[in-house]
Amino acid sequence: MPVREFRDGKGTEWRAWDVEPDELNPRTQDEVYLAQLYFTGWIVFENTGGTEKRRLYPIPKGWHELADAELEVLLQKAEIVPPRKLRSEKQTTGADAAKAVERAATLAEQLVDNPEQARESVREETPDITDLSVVRTFRYPGGRIWAVCILQRPEGGGAPVLRFTAGARDIDLVEWPKDWADYQDADLVKLLRTAAPRRNRGTPAPGAPRRRWDDRPTP
């Protein structure tokens, strides 16, 4: 996932990176209407102060090799995340974020029962990317590949969780940032570490190998 930094004509500094979901699974055929713009992934533009975000889809081929002036052209074409929604993405976690998932399901039902009303709702409020069943994969520093997605119906019931899966291992995060699907891989690694913090086992024995990212070096 290449990250580009550039400055626009007004002097504002921006970061840009692409997000390519491995799979989008609309719950019904009608919900494809909500998901169709995101099937090919998107580019996130965010100013360095974190006060403005934009999304551009689909991803232009070779975008990360463009000159800064050409990146600014893409920036102007990108969809602006409204300030209210941006504040919600940065502040909303856990159960409130799960409500966004339920919102997508409601819109899907409306598409079946009253398509015109549903389309009007979509026009009034562009659905958040996390309203959709996005599956992201990333590589942990140790080399293991993890997949992460919102699990709407965890085993045993309860509220939705953000589930990290690698092989037969599942790790759930009950409080997650609503804009997790926009995260760079390094930030997804941090979320995984938040979900499964390591217990402090003291200082390893002299000469013992370091097995995890946060092992303290031996004297």
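Up top is the structure these notes are about.
Residues numbered from 1 in each chain as written. Predicted model: local features only at pLDDT ≥ 70, side-chain atom pairs only at ≥ 80, totals over all residues. Heavy atoms only, no water.

Asks: I keep staring at the pairing of strand 1 (residues 3-7) and nothing clicks. Help me out?
Replies: A regular strand places its side chains so that they alternate between the two faces of the sheet. Taking every second residue as pointing to the same face, the buried face of strand 1 carries Arg4 and Phe6, while none of Val3, Glu5 and Arg7 on the other face is buried. In this sheet, strand 2 (residues 13-19) lies alongside strand 1 in antiparallel orientation, the contact comprising five bridges. Bridged to valine 3 within strand 2 is tryptophan 17. Between strand 1 and strand 2, which follow one another and run antiparallel, lie five residues, and glycine 11 among them has a positive phi close to 90°. (Buried < 20%, exposed > 50% of the residue type's maximum accessible area, 1.4 Å probe, protein only. Helix = DSSP H or I, 4+ residues; strand = E, 2+ residues; numbered from the N terminus. Pairing = 2+ DSSP bridges.)

Asks: Just checking my understanding: could you explain the packing of aromatic side chains for this structure?
Replies: Centre distance and the angle of the planes are the two values used to describe a pair of aromatic rings. On inspection of all chains with the given rule, the structure shows two aromatic pairs. Ring geometry for phenylalanine 6 versus phenylalanine 45: centroids 6.3 Å apart, planes at 90°, classification edge-to-face. With phenylalanine 6 in strand 1 and phenylalanine 45 in strand 4 (residues 42-47), the pair connects residues that are 39 residues apart, well separated along the chain. Taking relative accessible area as the criterion, phenylalanine 45 reaches 0% and is therefore assigned buried. A ring pair is formed by phenylalanine 138 and phenylalanine 164, whose centres lie 6.2 Å apart and whose planes are at 85°; its orientation type is edge-to-face. Linking phenylalanine 138 in strand 7 (residues 134-139) with phenylalanine 164 in strand 9 (residues 161-166), this pair joins segments that are 26 residues apart in sequence. Note on accessibility: phenylalanine 138 and phenylalanine 164 belong to one class, buried. (Phe/Tyr/Trp six-rings, centres within 6.5 Å; stacked < 30°, edge-to-face > 60°.)

Asks: Before we go on, may I ask you to explain unusual backbone geometry in this structure?
Replies: If a residue is not glycine, its phi is most likely negative; likewise, a peptide bond is most likely trans. Here the bond from tyrosine 57 into proline 58 is cis, since omega is -5°, no more than 30 degrees from zero. Considering the arrangement of structural elements, one finds proline 58 in the loop between strand 5 (53-56) and helix 2 (68-77).

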